[in-house]
Amino acid sequence: MISATKTRIAILGASGIGRVHARIFHEAGVDVCAVLGSSKESAKNASIKLKDFYGINSQPYHCLDRLLEEARPNAVSICTPPQFHFEEIIAAFEKQIGVFCEKPLFWYSDISNVELEDKLAQIATHPHRQLWVNTSNAFFAEQINKLVGSISKKDGLTFCFQTQGKNQGQGIAVDLLPHGLSILLELFGDNLISNLREKYSTSGYNCQFNYGEHKVVFNFYENQKSVKKMIIELDGRQFIRCQEGDGANYKVLFHDSHTLKKIEVEDPFKVYINKFLNSLRAGLSENDGFEVAAKNLRLMGKILLEST
């Protein structure tokens, strides 16, 4: 059992999204005790920025083994590129350290379905497994599901997500598919993917498929100069993510095209981090997010591996 005041977390990859992780954990009362960079210089710079931006005092490291031995965190937040995730997850588990991981759970360019299943089995059966993956947009789907009521087996879903990411082509799919798939799992549960069609471009990835009886369209775009946009459309009824204010006045909302109202919801990112912290303090792997993360990754494999 870990109390809130004793929870110590290390951020692996503390620039970009890692800085956001550090801020939210800090706001939740967690001690962000260390950061891991790809080099001594990058780790030091990340630590300095966390201090300057949020008043976080963290020790910089560029060697994971040394960080785990010296900083002795209760948890790590993995924000490194996905090809490093699996090794970092196992290294943390070996020290009985809980893991909050950015999506996807793990991935690398030449992965096979056999390797994917082997790695999932190693995580699933590890005696010290405690894992959550940040597919927090599923929380929007959960709230939408409550508004819509019953969802028909023939309801269709279109999910449009535009970010300021740097990825291109299939890299966009690796980055954003976990979000779309988390929404599918939340709305429609487990189903089979069929009749898949894909299209890539420098700045976009589009796919269409049947998910059981549901017709699904994903439209993903990444451009560092673009305006961020997220739209969940369920049989013509659009729910558009928006936000208002900043700092202490920051609000997350979605606009319902059916009622023309803006509906405030909890910040999904904070919801998932709190789920992780509650799971960590309970100390039971049955309470973690692995099973949902594994389903998400298997669906990703169906789309990106079996279609090639």
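Residues numbered from 1 in each chain as written. Predicted model: local features only at pLDDT ≥ 70, side-chain atom pairs only at ≥ 80, totals over all residues. Heavy atoms only, no water.

**What to know about the overall build of the chain**
Here comes step 1: Regarding its fold elements, the chain presents nine helices and 14 strands.
Here comes step 2: Taking 19 Å as the expected radius of gyration for a compact globule of 308 residues, we find that the chain reaches 19 Å, a close match to that expectation.
Here comes step 3: Summarising its shape, the C-alpha atoms of the chain cover approximately 55 × 45 × 40 Å along the three principal directions.
Here comes step 4: Counting all 308 residues of the chain, 49% fall into the buried class.
Here comes step 5: Contacts in the chain between residues at least 24 apart in sequence constitute 67% of all its contacts with a sequence separation of at least 6.
Here comes step 6: Carbon and sulfur atoms form 48% of the exposed surface of the chain, whose accessible area is close to 15000 Å². (Helix = DSSP H or I, 4+ residues; strand = E, 2+ residues; numbered from the N terminus. Rg over C-alpha atoms; globule rule 2.2 N^0.38 Å. Buried < 20%, exposed > 50% of the residue type's maximum accessible area, 1.4 Å probe, protein only. Contact = heavy atoms within 4.5 Å. Areas by Shrake-Rupley, 256 points an atom, 1.4 Å probe, with all protein chains shown as cover.)

**A short note on the environment of P268**
Here comes step 1: Summarising the element assignment, P268 is placed in helix α8 (residues 268-282).
Here comes step 2: Relative accessible area serves as the criterion here: at 3%, P268 is assigned to the buried category.
Here comes step 3: Beyond its immediate stretch of four places on either side in the chain, P268 contacts S136, F139, F140 and V252.

**Regarding the packing of aromatic side chains**
Here comes step 1: Scanning the entire structure with this criterion turns up 15 aromatic pairs.
Here comes step 2: Here the aromatic rings of F25 and F276 are separated by 6.2 Å at their centres, their planes lie at 85°, and the arrangement is edge-to-face. In this pair, F25 is assigned in helix α1 (residues 17-27) and F276 in helix α8, connecting sequence segments 251 residues apart. When sorted by exposure, F25 lands in the same class as F276, which is buried.
Here comes step 3: Centre to centre, the rings of F53 and Y54 are 6.0 Å apart; their planes meet at 80°, and the pair counts as edge-to-face.
Here comes step 4: Ring pairs connect the aromatic residues F159, F161, Y200, Y205, F209, F218 and F220, which therefore count as one cluster.
Here comes step 5: Cation over ring: K119 sits above F86, and NZ or CZ is 5.1 Å from the ring centre. (Phe/Tyr/Trp six-rings, centres within 6.5 Å; stacked < 30°, edge-to-face > 60°. Lys NZ or Arg CZ within 6 Å of the ring centre and 35° of its normal.)

**Describing the pattern of salt bridges**
Here comes step 1: Inspection of every chain in the model, using the stated rule, returns 13 salt bridges.
Here comes step 2: For the salt bridge of E117 with R298, the shortest nitrogen-to-oxygen distance reads 2.8 Å. Of this pair, E117 sits in helix α5 (residues 113-124) while R298 is found in helix α9 (residues 290-304), placing the two residues 181 residues apart along the sequence.
Here comes step 3: Given a relative accessible area of 37%, R298 falls into the partly exposed group.
Here comes step 4: For the salt bridge of K295 with D190, the shortest nitrogen-to-oxygen distance reads 3.2 Å. (Salt bridge = Lys/Arg side-chain N within 4 Å of Asp/Glu carboxyl O.)

**Regarding the sheet that holds strand β8 (residues 193-200)**
Here comes step 1: The eight strands are arranged β8-β9-β10-β7-β11-β12-β13-β14 in an open sheet whose pairing can be described as mixed. Whereas interior strands pair on both sides, the edge strands pair on one side only; in this sheet they are β8 and β14 (261-265). Taken over all neighbouring pairs, the strand axes of this sheet differ in orientation by 15° on average, direction set aside.
Here comes step 2: By the bridge criterion, six bridges tie β8 to strand β9 (residues 204-211) in an arrangement that is antiparallel. Residue S194 lies in a different strand from β9, and its bridge partner there is N210. (Pairing = 2+ DSSP bridges. Axes fitted to C-alpha atoms, helices over the stretch in contact; angles between N-to-C directions.)

**Description of the sheet that holds strand β6 (residues 131-134)**
Here comes step 1: Taken in spatial order, the six strands make up an open sheet running β3-β2-β1-β4-β5-β6, and their pairing is parallel. The open sheet has two edge strands with one neighbour each: β3 (59-61) and β6. Taking each pair of neighbouring strands and ignoring which way they run, the sheet shows an average axis angle of 20°.
Here comes step 2: One ladder, built from four bridges, connects strand β4 (residues 75-78) with strand β5 (residues 98-102); its direction is parallel.

**Concerning the nonpolar core**
Here comes step 1: Of all hydrophobic cores here, the largest spans 95 residues; its most connected members are F25, L105, I123, L177 and F218.
Here comes step 2: A total of eleven residues in this core trace back to one element, the largest contributor, which is helix α7 (residues 170-188).
Here comes step 3: Setting aside chain neighbours within four positions, we find F218 in contact with L157, F159, L177, G180, L181, L184, Y205, N206, C207 and F209. (Core = buried A, V, L, I, M, F, W, Y, C linked by side-chain atoms within 4.5 Å.)

**A closer look at the packing of α7 against α9**
Here comes step 1: The geometry of α7 relative to α9 is characterised by a closest axis approach of 9 Å and an angle of 130° between their N-to-C directions. Taken together, the axes of α7 and α9 lie oblique to each other. Considering only the axes of α7 and α9, their crossing is right-handed. Residues Q170, A173, V174, L177, P178, L181, S182 and L185 of α7 form the contact with α9, whose participating residues are V292, K295, N296, L299, M300, I303 and L304.
Here comes step 2: Taken together, the residues of the contact of α7 with α9 sort by class into eleven nonpolar, three polar and one charged. (Parallel < 35°, antiparallel > 145°, perpendicular 65-115°, else oblique. Left-handed = near helix turned anticlockwise from the far one by under 90°. Nonpolar A, V, L, I, M, F, W, Y, C, P; charged D, E, K, R; others polar.)

**As for the side chain of S58**
Here comes step 1: For S58, the location among the structural elements is in the loop between α2 (40-54) and β3.
Here comes step 2: Residue class for S58 comes out buried when judged on its relative accessible area of 7%.

**Looking at α2**
Here comes step 1: The end-to-end C-alpha separation of α2 is 21 Å, in line with the 21 Å expected for 15 residues at 1.5 Å each.
Here comes step 2: Where α2 is buried, its residues contact α1, β2 (31-36) and β3.
Here comes step 3: Two residues or fewer after α2 comes G55, characterised by a positive phi angle close to 70°. (Expected span 1.5 Å × (residues − 1).)

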